[in-house]
Every structure is written in structure tokens, then in C-alpha cells.
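Here's the letter readout for the chains.
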Amino acid sequence: MDADRALLTPRGELVRGCAQLLTEKLAELPAGTARVDLDMSGVHFMDTAGLEFLEVLRDHARRQAMPVTTTRWSGQPRRILELAGLDTTDPLHSPAPAPAPAPAPAVGMSSVASAVALEREERLHLLQEEVEQLRQAIASRPVIDQARGILMATYGCSSDDAWHILRDASQLSNTKLRTVAESLTASTAAEGVAPPPEVRTALAQALERLSTR
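Let us look at the structure shown here. (Residues numbered from 1 in each chain as written. Predicted model: local features only at pLDDT ≥ 70, side-chain atom pairs only at ≥ 80, totals over all residues. Heavy atoms only, no water.)

### Quick notes on the layout of surface pockets
Counted only if it meets this: Points on a 1 Å grid over protein atoms alone make up a cavity when a 1.4 Å probe fits among them but cannot get out, and a pocket when they form an open set with protein on both sides within 12 Å along at least five of seven lines; lining residues each have an atom within 4 Å of a point. Grid points are joined across faces, edges and corners, and a volume is the space filled by probe spheres set on the points. Think of it this way: any DSSP run of H or I at least four residues long counts as a helix, any run of E at least two long counts as a strand, and we number them from the N terminus.
Considering only enclosed or pocket space, the second largest pocket measures out at about 200 Å³ in volume. Taken together, 13 residues form the lining of the second largest pocket, with Pro10, Leu21, Leu22, Lys25 and Phe53 sitting closest to its centre. Of all the secondary structure elements, the ones that give two or more residues to the lining of the second largest pocket are strand S2 (12–14) and helix H1 (18–27).

Structure (C-alpha cells):
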């Protein structure tokens, strides 16, 4: 709190359950709170639950009749805002209405309406694709994190270096990142099988790349 201003700093991921946590946090604010500002720079991942998160803030601003802002969006969450057609500076900000267009013939207006509808449909399609990629990323994270841990323990590298090794191995072998991670973790089991030759070669090349950086 800073006088009557509340500054919230979400960190990590906006996924399922984040809207409920935000609702609880807003309910705990002091009675004299006159505005709420959120610094989103600590949020590095967001799926469609992030849009529910924003809706909670809009509802709070309406019910309490107070200004609420969310600023400093970056990275993947900012991309979701772009695909959703929201203002990336502050998605809760409502821009001033555009000037009314001059009257146009019925056919022209119909063409404009069709173009707007197509644009919205394309934007929705892009958002759906992005969200599906996010779902796959969430499902893949445990095995990827495990593979990173194996590389860190085996080669004494950092978490970021382990990520670069997996990513480079995926690109060099033309294999999905999750598949590379799964084959690496499976190879460390009691009766594990070594990764496929192309993955082993790619991992070796990725390690060599890392050593020359």
C-alpha cells in the first residue's frame, strides 16, 4: 500500500485458479483503497485464464468505482493480449471511440462489415492456435523440467544452459522438444533405453555449441 493506492505484483503464470486468487486478494484490500495498479512485469506465462484474470479486475473497477490498471506486459502474455485484440499498454484501458464514419452506400457498408467480420474471425483463429500451443507447453513442462535437471546434474550447467541444450538438440535433430526431453529422461531409468541416434548426435552437438559460447 502507498497511501490509498494498492500496488499488486503478480509473478509467474496466469493459469487456472489465478482469477479466484485475485478475487481473494482484492477482497483483502483496506477499505480506504482508492485505486489498484498491477505491475505485470513478473508474469512470464499466460493462457486463457489470464483473460478471466482481467475480467475480475474490470468487475472490481466497476463495482468499486475506482481506477484499476495493469501495465508492463511483456513476452508471451503480451502476445496473448495482441491476439485477443487488447491494448498491450493497459488492456483494461478503454480507448476513446473513433469518430463516426461518413455515410456510405449500402453496398460499401456491407463490404466494410464483411471485412471486419473476417478480421475478427482470423484473430479468434490465431488466439485459439496460440492457446492450443500453450496447453501443449503446459503438458510438456514436467518432463522438460526433469530433462533440464538431468543435464544440470550431469554437466554442471545452469538451468538456462540446460534449456538451450534441449532447444538446440530439438532443432538439430528436427525432433519435438518434448520428445527429446522424454528420450533423455527415459534413458536415466533403471532399465532405460538410450535416446535415438539422431537425438544423441544432436545433444552432443548442442553441448559442443554451449562450450564454445
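### Overview of the side chain of Thr33
Our working rule: What qualifies as a polar contact is a pair of N or O atoms within 3.5 Å, subject to a donor-acceptor requirement within protein and to the restriction that residues adjacent in sequence count only when both atoms come from side chains. Only heavy atoms enter the contact rule, under which two residues are in contact if any of them lie within 4.5 Å.
Relative to the elements of secondary structure, Thr33 occurs in the loop between H1 and strand S3 (35–39). A polar contact of 2.8 Å, which involves the side chain of Thr33, links it to the backbone oxygen of Pro30. The residues touching Thr33, leaving out its near neighbours within four places in the chain, are Met1, Asp4, Ala6 and Met66.

### Points about the packing of helix H5 (residues 159–173) against helix H6 (residues 177–187)
The condition is simple: To get an axis, fit a line to the C-alpha atoms, keeping to the stretch in contact for a helix; angles then go from 0 to 180 degrees between the N-to-C directions. Working definition: roughly parallel below 35 degrees, roughly antiparallel above 145 degrees, roughly perpendicular at 65 to 115 degrees, and oblique for all remaining angles. By definition, turning the near helix anticlockwise from the far helix through less than a right angle yields a left-handed crossing, and turning it clockwise yields a right-handed one.
The geometry of H5 relative to H6 is characterised by a closest axis approach of 9 Å and an angle of 110° between their N-to-C directions. Taken together, the axis directions place H5 and H6 in an arrangement best described as roughly perpendicular. Handedness of the H5/H6 crossing: right-handed. On H6, the residues touching Trp163, Leu166, Arg167, Ala169, Ser170 and Ser173 of H5 are Leu177, Val180 and Leu184.

Just geometry here; none of it tells us what the structure is for.
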